[in-house]
Amino acid sequence: MPLLAYLSGIQASHSGGLVEVEQWFNHPVPLVGAAVVLTVVSAVVELEFRTQWSQIGCAAGLVALILGGVPIAFLALALGGSGTPVDRTARPGHPDHVLTVTNKAFSIDPVYHVELMTGSGWSARHWDLGVWDERDGRGWFQKAEWSGPDRITVTAEREVRVITVDPATGRPGEPTVTRR
């Protein structure tokens, strides 16, 4: 069951996915860890440990799981953040359309992820508008803003990207890219 929840979280993490489902279920370490713990518990409950060798083997397996699981859990907690929010701007006149900028870098050099969130509650969806990294040839990210009622402009050092948003569905269209 935890693996099915995680699979729904992975699916929701893609562009157009449900925001709440991603936030609840896109956590591989606790969900896969729960699946492993449930499997071990069911194996221990099912097996009879009559011989000394079966008891030693079970203890060795549990120690290996613990020694392997603790570093993985520590790394997931240390590195597994969703990033640092940089900016959050609602569309003028439509508070249910929000433009977000997040720094997803694990190092000093920033990596900016720009998304459009539409809707609210369990029906809210997120749409990926792009990731800007200094090393990708587009230069440093400068800003993302609503430049019109249904238009988003993302400005980088070497390009300007304009994205039109469908007013009925909130779904972004293909960007128009202009080199600077």
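Above this text is the structure in question.
Just so it is clear, the structure is predicted and the values come from calculations on it, not from any experiment.

(A) Summary view of the sheet that holds strand β1 (residues 84–91). Pairing is antiparallel across the open sheet formed by four strands, whose spatial order is β1-β2-β3-β4. The sheet is open, and its two borders are formed by β1 and β4 (125–133), each paired with just one other strand. Strand-to-strand twist across the sheet, computed as the mean angle between neighbouring axes with direction ignored, equals 20 degrees. Relative to strand β2 (residues 94–103), β1 runs antiparallel, the two being bridged by seven bridges. Directly across from Ala90, in β2, lies its bridge partner Val98.

(B) Molecular detail of the packing of aromatic side chains. By the definition in use, this model includes two aromatic pairs. Measuring from centroid to centroid gives 4.8 Å for Tyr112 and Phe141, while their planes differ by 35 degrees, and the two rings are tilted. Here Tyr112 is found in strand β3 (residues 111–118), whereas its partner Phe141 is found in strand β5 (residues 141–148), with 29 residues between them in sequence. Exposure class is identical for Tyr112 and Phe141. Each is buried. Judged by centre distance (6.1 Å) and plane angle (55 degrees), the ring pair of Trp132 and Phe141 falls under tilted.

Reading guide: rules and limits
- Residues numbered from 1 in each chain as written.
- Predicted model: local features only at pLDDT ≥ 70, side-chain atom pairs only at ≥ 80, totals over all residues.
- Heavy atoms only, no water.
- Pairing = 2+ DSSP bridges.
- Helix = DSSP H or I, 4+ residues; strand = E, 2+ residues; numbered from the N terminus.
- Axes fitted to C-alpha atoms, helices over the stretch in contact; angles between N-to-C directions.
- Phe/Tyr/Trp six-rings, centres within 6.5 Å; stacked < 30°, edge-to-face > 60°.
- Buried < 20%, exposed > 50% of the residue type's maximum accessible area, 1.4 Å probe, protein only.

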